[in-house]
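The primary structure of each chain is shown beneath.
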Amino acid sequence: MRKTIYAVMAIASLTYSTHTTAQSQDLQKMVNVYFEQSLQAQQKALEQDGKASFAQNAPLYTELQTTIKNKDIANYQKMVWTAWCEANNALQEEKLIEPADLKLAKNSAWHLPQCLEPNAVMPYYYGKKGVADNGQYPLFLYTHGSGSKDREWANGIELGLRFQDAPSIYFIPQIPNEGEYYRWWHLSKQYAFEKLIRLSLTSGEVDANRLYVFGISEGGYGSQRLASFYADYWAAAGPMAGGEPLKNAPVENCANIGFSLLTGADDTGFYRNDLTWFTQVAFDSVQLARPLAVDNTPIFRHRINLLPGMQHHITYGLTTPWLKQFVRNPYPKTVLWEDFGMDGRHRSGFYNLQVLTRPSEARTYYEMNIDKNVVSIKVSDVEYTTTMKDKQWGIDLKFNRNYTIATGGRLRVYLNEQLVNLKKPVTVKINGKQVFHGIAKADLQAMVNSCMEYFDPYRVYPVAIDLSY
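Sequence order as written defines the numbering, with residues in each chain counted from 1. With the structure being a predicted model, the display of local features is reserved for residues of pLDDT at least 70 and the display and counting of side-chain atom pairs for 80 or more, all residues being used for whole-chain, interface and lining totals. The basis for every side-chain value is the complete set of heavy atoms in the structure, and neither hydrogens nor water enter the calculation.

## What to know about the confidence of the model for the protein chain
Part 1 of the reasoning: A residue's pLDDT is simply how confident the predictor is in it, with values from 0 to 100. In the predicted model, the protein chain carries a mean pLDDT of 94, and 95% of its residues have values of at least 70.
Part 2 of the reasoning: By definition, residues are in contact when any of their heavy atoms lie within 4.5 Å. Within the model, the stretch residues 1–22 combines pLDDT values under 50 with 47 contacts to residues more than four positions away or in other chains.

## What about the pairing of strand E12 (residues 353–357)?
Part 1 of the reasoning: Here E12 lies mainly inside the structure; four of its five residues are buried.
Part 2 of the reasoning: Here, strands pair whenever DSSP counts at least two bridges between them. In DSSP terms, a helix is any run of H or I states spanning at least four residues, a strand is any run of E spanning at least two, and both are numbered starting from the N terminus. Relative to E12, strand E11 (residues 349–350) is paired through two bridges, and the arrangement is antiparallel. Bridged to phenylalanine 350 within E12 is leucine 353.
Part 3 of the reasoning: In the sheet, E12 pairs with strand E16 (residues 410–415) via four bridges, with the strands oriented antiparallel. Residue pairing across strands places valine 355 opposite leucine 411, the latter belonging to E16. Only protein chains enter the accessibility calculation, which uses a 1.4 Å probe; a residue is then buried when its area is under 20% of its type maximum, exposed when over 50%, and partly exposed in between.

## Regarding the sheet that holds E16
Part 1 of the reasoning: Taking strand neighbours across the sheet as the criterion, the four strands line up as E11-E12-E16-E19 in an open arrangement whose pairing is antiparallel. Each edge of the sheet is formed by a strand with only one pairing partner; in this case those strands are E11 and strand E19 (463–468).
Part 2 of the reasoning: To get an axis, a line is fitted to the C-alpha atoms, and for a helix only the part in contact is used. The angle between two axes follows their N-to-C directions and goes from 0 to 180 degrees. Running over the sheet, helix H10 (residues 444–454) touches E11, E12, E16 and E19 and is turned about 105° from E16.

## Side note on the pattern of salt bridges
Part 1 of the reasoning: Salt bridges are defined by distance alone: a side-chain nitrogen of Lys or Arg within 4 Å of a carboxyl oxygen of Asp or Glu. Enumeration according to the criterion identifies 22 salt bridges in this entry.
Part 2 of the reasoning: In this structure, the salt-bridge partner of arginine 401 is glutamate 252, at a minimum N-O distance of 2.7 Å. Taken together, the residues span a long stretch of sequence, with arginine 401 in strand E15 (residues 396–405) and glutamate 252 in the loop between strand E7 (236–240) and strand E8 (258–264) at a distance of 149 residues.
Part 3 of the reasoning: One salt-bridge network, held together by shared partners, links Asp232, Arg328, Arg347, Asp456 and Arg459.

## Examining helix H4 (residues 73–90)
Part 1 of the reasoning: By this rule the span expected of a helix is its residue count minus one, scaled by 1.5 Å. Over its 18 residues, H4 runs 26 Å from end to end, which matches the ideal 26 Å to within 8%, given 1.5 Å per residue.
Part 2 of the reasoning: Among the residues of H4, Ile73, Tyr76, Met79, Val80, Trp81, Ala83, Trp84, Cys85, Ala87 and Asn88 are the ones counted as buried.
Part 3 of the reasoning: The inward-facing, buried residues of H4 contact helix H2 (25–49), helix H6 (187–203) and H10.

Right under this line is the structure:
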C-alpha cells in the first residue's frame, strides 16, 4: 500500500534547499501537489484495496525536506495549512453543504464507500444557530437513537433547534442502514466523521478547539465510543441514556476533555444504569489517581449522573450548554491513551503521538508527560480479563486490566514551542530509557506529515522525532 502511494506521488521524492522560504510560491505549490496526490491516493486505495486499506490506517510520509529556522516556523505553518486547504478544496468528492440557518433544515447526503458498508447513504442536516463573534462556530455532532431512522433524524433537528447552545453549527447525520449496521462506530461512520472534521476545519467556519460530540440511546453508546476514540479532537463529549462497557471506551483517553454522561437511574435496559455507574466509578478513580497534569492543570473534568426517577427518557437539554464551556487544549503536557481498535481499526495518531509500528497485536497504553524539556513516555501492552458478564445478553460488564512493558514498537513524537523550548536540548525517555537527547530541529517534513495525519490547524508540528523501543 505504502509503495503504491509513493509511486503515485513522485513529487515526494524530491528534497529542497534550505534556502527556500515559506514565502516561496513554488514551495507552496509543491506542498499543495503532495497533498492533492496523497488525498487522491487514499481515494484510489479505498477503491482498489477496499476495507483492508482503510482498516490498516497506515500513516503517509513525505520526503519533502526543508530545514526551518525557529523564527520562520509560524510562516511555514501558515503556508502548509493553506496548501492543505487548497488541496482539499480541489479534491473531487461530495463536500459539506454551506451551513445556512438551522431553522431552514438544509440537508444533503454523503455516499459512503461501498467497501465499508453496502449501499450506505448518510443524509445529514448542517446548519448554524446564532452569529459567531469571530466568524468561527463551535461544531456539535449529534448521533441519534435506534428507532425508525426517519423519525430519529427528524427528532435530531427538533432537539438541535431547542438546545440552548447558540452560536453553534450542528451536523446531524442519519444512520445509513438499520439492522446490523445501526451502530455509530462502524468503519463507514469513522470514514464519515473523519471527513466531517477534515472538511469543517478546512472551511474556516469551525473553531478547531470547540468540537463536541453527543448523542442519545444508541447515539449515547456511539458518542461514548467516539469520545474515547477521537478524544484528541473534542473539547467535550456528552452521551445520554447510554452506558458502554468500558472496554469499548477507555476512560483514560478522555483525559483533557470535558465528559458528561447522563442516564436515568431506573434505566435498566441493557444494564444502562449499571454501566453508567461503573463509568462514574472509573472516572472518579482515575481522577483521584491523577488529579493534575505536569503543568498543574486538571486532567479529568467530568459530570456523570444517574438522574433520579427517570428511565430511558431523560432531560436532554442539560448536556450541550455544559459541553460548550470547554475549549480544547491541543497541547496537553500529560497524555493518556489506550490504543484500542474500533470495528477492527486503530488510530494511527493521538495528540502529538504517531504510531509507526505497534509493539504487538494487543492493545497498547501510552502515558506521556512533558516536564520542561524532558518527554517521558511509558508504553505498555494491555490485557483484559472479564470479571462480570451478564447471562442474558452475553455483555461483558466489568474487567480487570494487566499491564506489561511493551517492546518492539516505533513511535513518532511531534513537538512545538507550546510543548518544549525548541532552542534548548530535548530529552526523550521511553520506559525509563533515554532514546533521544539533542536539539530538535524544525523541518518542513514534520509539518507536512503531521498535517496529513491530523488535518488539524493546531497540529501542524514543526518537529518530529522517530524512536524505537
